Every structure is written in C-alpha cells, then in structure tokens.
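Survey of secondary and tertiary structure
The lines below spell out each chain.
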Amino acid sequence: MNVTSLDDLNLVISGRLAVNAKNALEKGVQRIDEGEARIIQIGSAAVIERWRCVQDHGFGPCGQALIPEPQTAQLLGEPQNPVMEEPAEGWLMVEDLDPVLGFVQIELYHHRHVLAAYAERSGR
C-alpha cells in the first residue's frame, strides 16, 4: 500500500495492531482495551494493564496481568532492562507499538514474577 496521507498511515498502523493482537492471542496473550484495564501498583509506582495472560497453566485460564519490560523497570525502580529470573516456560514476547521506536518486540512479565522481584529487592 502506498501511504500518501495521514489517513492511509492510520489505516496501516491500525491494521498492523490488529494483526499483532491476533498473533498475541494465539500465544495466549490478550490485548486489553483501555476501558477494561486494571491499575497495577507495586510499592509507590503504578501502571495501567495493557496485556493479560489467557493461557492455561494447568489450573484454567491464568488471567494475570502481563507487564511489558519498560513498565516492569518502572515498577521495580530501575532505570531500564530489569534483571528478572526467567521462568522455565520462558518470557512471553509480542510485537507492540512503541511511541518512540515504532513496532518492536517486547517481553511481558507475569504480575506474580514482578511482585516476587519487588519483594526480593525490597527485602520482604
């Protein structure tokens, strides 16, 4: 598609976001609409949920918030790239639209892993 206007660009971006959401859902990751999002607070920092795990880890659908790497760093009070112990099943990866970098692959961390990392760092 030849992008010649802002409307064309918006159409291309929204199409790619729809494809990314479909691909994420095939991995067991659901994109959350703004009206359905929960606020995730750890310590004195908070972020808005954008992804949710819908995988079955053996006990039915998970339902936990999945927190992108940059927001995880914010919640843990780290400047960037939080060091987290990787679970046996590995981290979930999806393509998302970064406002500065464009479309990029991001790691998503289960809320429980971020809570455990916070507790470890704060000595709780």
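Described in the following lines is the structure provided in the data block. None of these values were measured; they are calculated from a predicted model.

Cut-offs and rules
- Residues numbered from 1 in each chain as written.
- Predicted model: local features only at pLDDT ≥ 70, side-chain atom pairs only at ≥ 80, totals over all residues.
- Heavy atoms only, no water.
- 1 Å grid on protein atoms, 1.4 Å probe; cavity = no way out; pocket = protein on both sides within 12 Å on 5 of 7 lines; lining within 4 Å.
- Points joined across faces, edges and corners; volume = space filled by probe spheres on them.
- Helix = DSSP H or I, 4+ residues; strand = E, 2+ residues; numbered from the N terminus.
- Core = buried A, V, L, I, M, F, W, Y, C linked by side-chain atoms within 4.5 Å.
- Buried < 20%, exposed > 50% of the residue type's maximum accessible area, 1.4 Å probe, protein only.
- Contact = heavy atoms within 4.5 Å.
- Axes fitted to C-alpha atoms, helices over the stretch in contact; angles between N-to-C directions.
- Parallel < 35°, antiparallel > 145°, perpendicular 65-115°, else oblique.
- Left-handed = near helix turned anticlockwise from the far one by under 90°.
- Nonpolar A, V, L, I, M, F, W, Y, C, P; charged D, E, K, R; others polar.
- Pairing = 2+ DSSP bridges.
- Expected span 1.5 Å × (residues − 1).
- Arc of directions from axis to C-beta.

A look at the layout of surface pockets
Empty space left among the atoms is revealed by rolling a probe the size of a water molecule over them. Its volume calculated, the largest pocket comes out at about 240 Å³. Pro 68, Pro 70, Asp 98, Val 104 and Ile 106 are, among the 13 residues lining the largest pocket, the residues nearest its centre. Elements supplying a minimum of two residues to the lining of the largest pocket: α2 (69-76), β6 (92-98) and β7 (102-110).

Here's the deal with the nonpolar core
Among the nonpolar cores identified, the biggest contains 14 residues, and Ile 40, Leu 75, Leu 76, Met 84 and Val 114 are the most heavily contacted of them. Taken together, the elements giving at least two residues each to this core come down to β2 (39-42), β3 (45-48), β5 (65-68), α2 and α3 (111-122). The element contributing the most residues to this core is α3, with three residues. In this view, Val 114 contacts Ile 42, Ile 67, Thr 72, Leu 75, Leu 76, Met 84 and Tyr 109; residues no more than four positions away in its chain are not counted. Ranked by size, the runner-up nonpolar core spans nine residues in total, among them Leu 66, Leu 92, Ile 106 and Leu 108.

Points about the environment of Ile 13
Summarising the element assignment, Ile 13 is placed in helix α1 (residues 6-26). The sequence separation of Ile 13 and Leu 97 amounts to 84 residues, and the corresponding C-alpha distance is 8.8 Å. Leave out the neighbours within four places in its chain, and Ile 13 touches Leu 97 and Phe 103.

Overview of the packing of α2 against α3
Relative orientation of the contacting elements α2 and α3 amounts to 30°, with a least axis distance of 10 Å. The angle between α2 and α3 falls in the class roughly parallel. The handedness of the crossing between α2 and α3 is right-handed. Here Thr 72, Leu 75 and Leu 76 of α2 lie close against α3, whose contacting residues are Val 114, Ala 117, Tyr 118 and Arg 121. A breakdown of the residues in the contact of α2 with α3 according to their chemical character gives five nonpolar, one polar and one charged.

Points about the pairing of β7
As judged from the three bridges shared by β5 and β7, these two strands associate in the antiparallel manner. Bridged to Ile 67 within β7 is Tyr 109. For β6 and β7, the ladder comprises seven bridges, and the chain directions are antiparallel. Bridge assignment links Val 94 to a residue of β7, and that residue is Ile 106. In this structure, the hairpin formed by β6 and β7 is closed by a connection of three residues.

Observations regarding α1
Compared with an ideal rise of 1.5 Å per residue, which puts 21 residues at 30 Å, α1 spans 30 Å between its outermost C-alpha atoms and is within 8% of the ideal. Turning to α1, its buried residues number three or more, namely Asp 8, Asn 20 and Ala 24. Buried residues along α1 cover an arc of 145° about the axis, so they all sit on one side. Exposed residues lying more than 90 degrees from the buried face of α1 are Asp 7, Leu 11, Lys 22, Leu 25 and Glu 26. The secondary structure elements touched by the buried residues of α1 are β1 (29-31), β4 (51-53), β6 and β7. Positive phi shows up at Gly 28, right after α1, with a value of about 90°.

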